[in-house]
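Architecture at a glance
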Amino acid sequence: MLRLIIAGIFAVLSIILCLPVHLYLWIVTKINRYKGWYQSWKFVRGFFKNVLFLAGTKTDVRGSDNLSQVPGEKGILFIGNHRSYFDIIILQTIVDRPMGFIAKKEFKNVPFFSWWVADLGSLFLDRKNVRAGLQTMKEGAEYMKQGLSLGLYPEGTRNHGKEMLPFKKGGYKMAEESECPIVLVTMKDTDDILENNHPFGLKKKIVKIDFSEPIYPHELDRATRKAVYDEFPARIQKTLDEMDAE
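Let me sum up the structure you'll find in this document. What you see is a predicted model; the values in this text were computed from it and never measured. (Residues numbered from 1 in each chain as written. Predicted model: local features only at pLDDT ≥ 70, side-chain atom pairs only at ≥ 80, totals over all residues. Heavy atoms only, no water.)

1. Remarks on a nonpolar patch on the surface
Applicable threshold: Note on patches: the residues involved have over 30% relative accessible area and no salt bridge, like charges join within 9 Å, and the nonpolar side chains Val, Leu, Ile, Met, Phe, Trp and Tyr join within 5 Å. Using the Shrake-Rupley algorithm and a 1.4 Å probe, accessible areas are obtained, with residue cover drawn only from the displayed protein chains. We define a salt bridge as a contact between a side-chain nitrogen of Lys or Arg and a carboxyl oxygen of Asp or Glu at a distance within 4 Å. For helices the rule is a DSSP run of H or I covering at least 4 residues; for strands it is a run of E covering at least 2, with both sets numbered from the N terminus onward. Note on classification: 1.4 Å probe, protein chains only; a residue is buried when its accessible area is under 20% of the maximum for its type, exposed when over 50%, partly exposed between these limits.
Residues Met1, Ile5, Ile9, Val12, Leu13, Ile16 and Leu17 make up a contiguous nonpolar surface patch of about 660 Å² in total accessible area. Secondary-structure assignment places isoleucine 16 in helix α1 (residues 2-17). The class for isoleucine 16 is partly exposed, based on a relative accessible area of 37%.

2. A few points about a positive patch on the surface
Keep this limit in mind: Working convention for charge: Lys and Arg count positive, Asp and Glu count negative, and His plus the chain ends are omitted. We put the charge of a Lys on NZ, of an Arg on CZ, of an Asp on CG and of a Glu on CD.
Where like charges cluster on the molecular surface, the positive patch consists of Lys104, Arg127, Lys128 and Lys168. Tracing the chain through its elements places lysine 104 in strand β3 (residues 99-104). Lysine 104 gets classed as partly exposed once you look at its relative accessible area, which sits at 30%.

3. Digging into helix α5 (residues 86-94)
To be explicit about the condition: By definition, residues are in contact when any of their heavy atoms lie within 4.5 Å.
Burial analysis of α5 places eight of its nine residues in the buried class, which makes it a mostly covered element. The complete set of buried residues in α5 reads Phe86, Asp87, Ile89, Ile90, Leu91, Gln92, Thr93 and Ile94. Tucked into the core, α5 has its buried residues touching α3 (33-55), β1 (57-62), β2 (77-80), β3, β6 (182-188) and β7 (205-211).

4. Points about the layout of surface pockets
If a probe the size of a water molecule is rolled over the atoms, the empty space left behind becomes visible. To keep it simple, the criterion reads: The method works on a 1 Å grid over the protein atoms by themselves. A cavity is a set of points holding a 1.4 Å probe that cannot get out, a pocket is an open set with protein on both sides within 12 Å along at least five of seven lines, and residues with an atom within 4 Å of a point line them. Grid points are joined across faces, edges and corners, and a volume is the space filled by probe spheres set on the points. In this count, Pro and Cys sit with the nonpolar residues alongside Ala, Val, Leu, Ile, Met, Phe, Trp and Tyr, while Asp, Glu, Lys and Arg are called charged and the others, Gly among them, polar.
One number sums up the size of the second largest pocket: a volume of about 440 Å³. Looking at the lining of the second largest pocket, the elements that each hand over two or more residues are α2 (19-31), α3, α6 (113-119), β4 (123-125) and α7 (130-145). Considered class by class, the residues forming the lining of the second largest pocket number seven nonpolar, six polar and seven charged.

5. A short note on the sheet that holds β4
Worth spelling out the cut-off: Only when DSSP finds a minimum of two bridges between them are two strands counted as paired. What counts as an axis is a line fitted to C-alpha atoms, over the stretch in contact for a helix, and the angles between N-to-C directions run from 0 to 180 degrees.
With respect to topology, seven strands assemble into an open sheet ordered β1-β7-β6-β2-β5-β3-β4, the strand pairing being mixed. Where the open sheet ends on each side, the last strands, each with one partner, are β1 and β4. Sheet twist, expressed as the average angle between the axes of neighbouring strands with direction ignored, equals 25°. Here β3 runs beside β4; their pairing, made up of three bridges, is parallel. Counted as the bridge partner of alanine 103 is phenylalanine 124 from β4. In the packing of helix α9 (residues 222-245) onto the sheet, the strands contacted are β2, β6 and β7, and the crossing angle to β6 comes to about 35°.

6. Things to note about the side chain of lysine 188
Quick reminder of the rule: Polar contacts here mean pairs of N or O atoms no more than 3.5 Å apart (in protein, one a potential hydrogen donor and the other a potential acceptor; neighbouring residues in sequence count only if both atoms are side-chain atoms).
Structurally, the position occupied by lysine 188 is in strand β6. A polar contact of 3.1 Å, which involves the side chain of lysine 188, links it to the side chain of aspartate 244.

7. Considering the pairing of strand β5 (residues 149-152)
Along β5, one buried face is formed by Ser149 and Gly151 and the opposite face, lined by Leu150 and Leu152, is buried too. Pairing of β2 with β5 involves three bridges; the strand directions are parallel. Note that in β5 the partner of isoleucine 79 across the bridge is leucine 152.

8. Some remarks on the pattern of salt bridges
Taken as a whole, this structure holds 15 salt bridges when the rule is applied. In this structure, the salt-bridge partner of glutamate 246 is arginine 62, at a minimum N-O distance of 2.9 Å. On the criterion of sequence distance, the pair formed by glutamate 246 in the segment after α9 and arginine 62 in strand β1 is long-range, its members being 184 residues apart. You can call glutamate 246 exposed: its relative accessible area is 57%. Put simply, aspartate 189 and lysine 188 hold a salt bridge, and the shortest N to O gap is 3.1 Å. Several salt bridges converge on common partners, so that one network encompasses Asp60, Arg62, Lys208 and Glu246.

9. Some remarks on the packing of α2 against α3
Put simply, the test is: An angle below 35 degrees is read as roughly parallel, one above 145 as roughly antiparallel, one from 65 to 115 as roughly perpendicular, and any other as oblique.
For the pair α2 and α3, the least separation of the axes is 5 Å and the interaxial angle reads 150°. It follows from the interaxial angle that α2 and α3 lie roughly antiparallel. Contact with α2, carried on its side by Val21, Tyr24, Leu25, Val28, Thr29 and Ile31, involves Arg33, Lys35, Gly36, Trp37, Gln39, Ser40 and Phe43 of α3 and no other residues of that element. Split by residue class, the contact of α2 with α3 holds seven nonpolar, four polar and two charged.

10. Concerning the nonpolar core
Our working rule: Only buried residues count toward a nonpolar core, which is a set of Ala, Val, Leu, Ile, Met, Phe, Trp, Tyr and Cys residues joined through side-chain atoms within 4.5 Å.
Grouped together as the largest cluster of nonpolar side chains are 35 residues, with contacts concentrated most on Phe78, Phe86, Ile90, Leu91, Ile209 and Phe211. Where this core is concerned, the elements lending two or more residues are α1, α3, α5, β3, β6 and β7. Looking at this core, the element that brings in the most residues is α3, giving seven residues. Apart from residues no more than four positions distant in its own chain, leucine 91 is found in contact with Phe78, Met99, Phe101, Tyr153, Val185, Met187 and Phe211. Ranked by size, the runner-up nonpolar core spans 27 residues in total, among them Trp37, Ile79, Met137 and Leu240.

See below:
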C-alpha cells in the first residue's frame, strides 16, 4: 500500500506542478510539431521512468534490435495486447523515438492528465462514432508521415483473460496510408503490477516485452495484407505462451 501511495502522490504532484512545462511544450508544438512531440516524449519518458522505479518495475526486453531496422525519422505503429495501464508507461520508456497513443475518448475528460497525453501526439478515439473514428485514423496517418510513432491496442479494453480478445482492424490503415511499418509488441505480467493487486498496492515485477520484426502493410497486396492482419492475435498469443513456458 505504501508503494502505491508514494507513486500516486509523485504522479499527481508532478502532473500539476509541471503545468508550466506543458504550456511551453504546447507552444513549441504550435511552432514546430515534431520538435514539440520530441521534447514532450523526452520529458514524459523521464517521468514514466520514475514511476516505474517507485513501483519497483523492471523490464526484460527482447527484439529491441528489430526497432533499429526502422529509420529514426520514420513512424512505427505498435500493435499490442492490453492488460494494464502500465502497458503505456512501460512502452514509452523502452521505445527510442517520439510516440503517442490512440486513447479512448473518455481519457480526454481527465483533468491535467489528458493535456500531457495530447502533448505526446496522442489522439482520442470515439469508438461509438464511425465518422469521427475514421477522421482520427486519418489524422494518425498524417502524424506518422511526420515521424511520430503510435501505440494501438486493438482489443479495445484491458483484458485479464488467458486468451486474446478479437482485434479491431480499423487502426491498421494508419500504417498503410503513412507507408510506415507495424511492429507487434507483446507484454506479459503488466497487470501483476497494479490491477491484480488493487486496491492493496503495487507489486514489484519483472515484465517481459517482445518486439516483432517490422511489417510494411503497403508493400503487400490486399489478400496477403488481410491474411497477415488476421494472424496478429495468434502471433501475440503464441509469444505469450512461449513466455509462460520459460
